[in-house]
Amino acid sequence: MADSNVLERLYRQMLLIRRLEEEAARAYAQGKIGGFLHLYIGQEAVGVGAIAALQPDDYVVTTYRDHGIAIAKGMSPRAMMAELYGKVTGCSKGLGGSMHMFDAEHNMLGGHGIIGAHIPLAAGAAFASKYRKDKRVTLCFFGDGAASIQGFHEGISLAALWKLPIVFVCENNEYSMGTPLSRTISVDDISKKAAGYGIPGWQFRGEDFEEVHAQIGKAVAQARETSMPSLLEVRTYRYRGHSMSDPGKYRTPEEVEEHKKKDPIAIGKQKLVAAGYDEAKLKGIAESVEAEVADAIRFAEESPEPELSLLEPTTYDGPFAS
Amino acid sequence: MREIRYREALREAMIEEMEKDANVFLMGEEVGHYQGAYKVTEGMLEKFGPERVIDTPIAEAGFAGIGVGAAMVGLRPIVEFMTWNFSAIAFDQILNNAAKIRQMSGGQFSCPIVFRGPNASARQVGSQHSHAMEHFYATVPGLKVVAPAFPADAKGLMKAAIRDNNPVLVMESETLYSVKGQVPDDQDAIELGKANVVRPGKDVTLVAYSRMTHVALDAANALAKDGIEAEVVDLRSLRPLDEETIVKSVWKTHRCVIVHEGFPYGGVGAEVADRVQRLAFDSLDAPVLRVATLDVPMPYNAKLEQACLPQAERVIAAAKRVVSRGKA
């Protein structure tokens, strides 16, 4: 990767995601955002590094912890923030909310709210690519909690059987909501399950976006060139609770602080410093991110809400069926 | 016009649509090499090859989900469940993904997919294999549900289902697969949401669908011998529901009996009864009655199974009840 333009772009993307979510948390506390809000803070290097290994035509599918992934896939901060605010200018017209970041133009196939159920769906996008021989790859993210459910097994099993061009990325943030891995699963590394499906799998740490990019890049190349799926486990950590309603009392402040020492954004900053970026240049990046975040918030606040008339045409294509 | 079987009509519809549109493909358990558990897909593997007629492992949630994902990005899958009983395994894919993708994405993605297979009772297959699943699905906005009774409708509705840009669930019946019927040589798609008056009458409206349309017709023929002319409305489509045709019939007959398989609690019959009482209240001379499967899991024993299922005798009794009340 080394190219400093790329480093800067990806560092900026991580910073943008972090700042957007910090502001989203603030807006949530003010009651401006409702429902669930699952923050990606601490995990940014995974989504950003992984998606940097894709072509724009490639598909991405993920869970409800989806803001960072959507931004990395090209969604505008305005569309993301307006969706959180439930506004009609949001990516899903305010009908989806935090968990449903869809962006057809950027081949972002959502944001899904049911654990593991999006894994077969992602395999379906990859199936379509193989059917049409269009050489696209699908990247499917899920958490460690998904590894225990039906969708994980059936989705990966079929993708392996039919050799679909897909990379399954388990973002292992060590907790399935409030339950540590040791109490939810019988292996310490979810990528070990790949062997049972006869596909490659490996584990790596996810704090350094260049490392993530390199590892995912290998898997994406395998998927694209030989239609071989793979199951990767990326070790990561979320600083916040499972969602905004979770104070995270199941882990110690020391544990969280220890992880913050390996903060992906700090690591990114060090890379830029090593590449010759001085304080002024870094400040310039930070300021442009702040301006973009402020613009997204303003846009979301000022946008209109969706009208009731939007519901029927978004439920059915064509006449409403009742 | 030709006489063909219900299963052949379904097959012809799939073949014709697959010949027209390369995005249409079929997947399910035993649909290919085995030639279909009920021979609906017989010969299709040879015709279209393994890339378009795809045998799946026993993984309903997996292949239903693959269908949904493929549909989101432009393919038009036909997903066969060996029976609708097994769709319970994939219920989440149909309920939370197929039905909701369009709305959750603000209309950016559609889900043009067909789920199909035999529904409701077969013969002595016990409680886990005798479910009438249609009302679970017909309650869900985002889905369409059809349940043809005759070969021509099976062909026309299947073609419409494949061409529709929404998820359409086709409820077939193991007990209808061998039933023969006249099908026009150029049978085209039949618009979803249109019921059909399959027997005119003036004394009572019998509303039915799928195999129960045949039971209602048997009952109507028997009632005619007693001087009662029943009008039989074959719904064909459960969602959208053709309330106009139902209500028009009730305005004429002033009485309504709904016949369907499946449990009575909150079923399709309850939905039809609600619409009839709301839209034809002033026309009714008797309460709307339902003849449904008895409110118990289906027993294996043949005599008890027949006792649980709606039979012509129960339909006749219900019709006579509403007719006599109206005349009293």
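Residues numbered from 1 in each chain as written. Chains lettered and ligands numbered in written order. Predicted model: local features only at pLDDT ≥ 70, side-chain atom pairs only at ≥ 80, totals over all residues.

A.B. asks: Now, about the overall build of chain B: what can you tell me, with residues and values included?
C.D. replies: Assigned secondary structure in chain B consists of twelve helices and 14 strands. Overall size of chain B, expressed as C-alpha extent along the three principal axes, is 65 × 45 × 40 Å. Looking at chain B as a whole, 60% of its 328 residues qualify as buried. In chain B, once contacts between residues fewer than 6 apart in sequence are set aside, the share between residues at least 24 apart is 79%. (Helix = DSSP H or I, 4+ residues; strand = E, 2+ residues; numbered from the N terminus. Buried ≥ 20, exposed ≤ 12 C-beta atoms within 10 Å, placed from the backbone. Contact = placed C-beta atoms within 7 Å.)

A.B. asks: Before we move on, could you go through the packing of helix α1 (residues 4-29) of chain A against helix α10 (residues 264-274) of chain A and cite the residues and values that matter?
C.D. replies: All names here are of chain A. Between α1 and α10, the shortest axis-to-axis distance is 10 Å and the interhelical angle comes to 150 degrees. The orientation of α1 relative to α10 falls into the category roughly antiparallel. Between α1 and α10 the crossing geometry is left-handed. Here α1 contributes Leu 7, Glu 8, Tyr 11, Met 14, Leu 15 and Arg 18 to the contact with α10, which in turn contributes Pro 264, Ile 265, Gly 268, Lys 269, Lys 271 and Leu 272. Here the contact of α1 with α10 is built from residues that sort into seven nonpolar, one polar and four charged. (Axes fitted to C-alpha atoms, helices over the stretch in contact; angles between N-to-C directions. Parallel < 35°, antiparallel > 145°, perpendicular 65-115°, else oblique. Left-handed = near helix turned anticlockwise from the far one by under 90°. Nonpolar A, V, L, I, M, F, W, Y, C, P; charged D, E, K, R; others polar.)

A.B. asks: Please provide a residue-by-residue account of the pairing of strand β13 (residues 256-259) of chain B, values included.
C.D. replies: Residues and elements named next belong to chain B. Here β13 shows a buried face lined by Cys 256 and Ile 258 and a second buried face lined by Val 257 and Val 259. Of the strand pairs in this sheet, β13 and strand β14 (residues 289-291) are connected by three bridges, and their pairing is parallel. Residue pairing across strands places Ile 258 opposite Arg 290, the latter belonging to β14. Regarding the hand of the β-α-β motif, the stretch spanning β13, helix α10 (residues 268-279) and β14 is right-handed. (Pairing = 2+ DSSP bridges. Right-handed = clockwise from strand over helix to strand, strands pointing away.)

A.B. asks: Any chance you could break down the pairing of strand β7 (residues 168-172) of chain B for me, citing the residues and the numbers?
C.D. replies: All names here are of chain B. Counting buried positions over the five residues of β7 gives five, a clear majority of the element. Across the two faces of β7 the burial is the same, with Val 168, Val 170 and Glu 172 and Leu 169 and Met 171 all buried. Across five bridges, the pairing between strand β5 (residues 114-118) and β7 is parallel. Residue pairing in the sheet places Phe 115 in a bridge with Leu 169 of β7. Of the strand pairs in this sheet, strand β6 (residues 144-146) and β7 are connected by three bridges, and their pairing is parallel. The residue of β7 that forms the bridge with Val 145 is Leu 169. Note on the crossover from β6 through helix α7 (residues 151-163) to β7: the handedness is right-handed.

A.B. asks: Report on the nonpolar core, specifying residues and quantitative values.
C.D. replies: Core analysis: the largest hydrophobic core is formed by 201 residues, its most contacted members being Leu 206, Val 257 and Ala 319 of chain B. Here Ala 319 of chain B is in contact with Val 204, Leu 206, Ala 219, Leu 223, Ile 228, Ala 230 and Val 257 of chain B, once residues within four sequence places are set aside. (Core = buried A, V, L, I, M, F, W, Y, C linked by C-beta atoms within 7 Å.)

A.B. asks: Could you give an account of the sheet that holds strand β11 (residues 230-234) of chain B, with specific residues and numbers?
C.D. replies: What holds strands together in a sheet is hydrogen bonding between their backbones, with the strands either parallel or antiparallel. Residue and element names in this part refer to chain B. With mixed pairing, five strands are arranged side by side in an open sheet as β9-β11-β10-β13-β14. Each end of this open sheet is capped by a strand with a single partner; those strands are β9 (196-199) and β14. Ignoring which end each strand starts from, the neighbouring axes of this sheet average 25 degrees apart. Here three bridges tie β9 to β11, and the two strands are oriented antiparallel to one another. Looking across to β11, one finds that Asn 196 is bridged to Asp 234. Its contacts with the sheet place helix α9 (residues 243-253) against β9, β10 (204-208), β11 and β13, and it is angled at close to 175 degrees to β11. The sheet contacts of α10 involve β10, β13 and β14, and relative to β13 the element is tilted by about 160 degrees.

A.B. asks: How would you sum up the sheet that holds strand β2 (residues 24-28) of chain B? Please name residues and give values.
C.D. replies: Residue and element names in this part refer to chain B. The sheet built from seven strands is open, its strands ordered β3-β2-β4-β5-β7-β6-β12 with mixed pairing. Edge positions in the open sheet fall to β3 (53-55) and β12 (237-239), since each of these has one partner strand only. Between one strand axis and the next, the sheet turns through 20 degrees on average, direction left out of account. As paired strands, β2 and β3 are joined by three bridges and run parallel to one another. Looking at the pairing, Met 27 lines up with Ile 54 of β3. The sheet contacts of helix α3 (residues 60-72) involve β2 and β4 (76-80), and relative to β4 the element is tilted by about 165 degrees.

A.B. asks: Outline the interface of chain B and chain A, supporting the account with residue identities and numerical values.
C.D. replies: Each partner contributes to the interface: chain B provides 38 residues, whereas chain A provides 37 residues. Counting residues per element, the side of chain B that touches chain A draws most heavily on α3 of chain B, at ten residues.

A.B. asks: A description of the confidence of the model for chain B should follow, citing residues and the corresponding values.
C.D. replies: On average, chain B scores 97 in pLDDT, and the residues at 70 or more come to 99%. Two numbers describe this predicted complex: its pTM, 0.97, and its ipTM, 0.96. (pLDDT = per-residue confidence, 0-100.)

A.B. asks: For α7 of chain B, give the residues involved together with the corresponding values.
C.D. replies: Residues and elements named next belong to chain B. Here α7 is 13 residues long and its end C-alpha atoms lie 19 Å apart, about the 18 Å a rise of 1.5 Å per residue gives. Counting buried residues in α7 gives twelve out of 13 residues, a clear majority hidden from the surface. Taken as a whole, α7 has its buried residues at Pro 151, Ala 152, Asp 153, Ala 154, Lys 155, Gly 156, Leu 157, Met 158, Lys 159, Ala 160, Ala 161 and Ile 162. (Expected span 1.5 Å × (residues − 1).)

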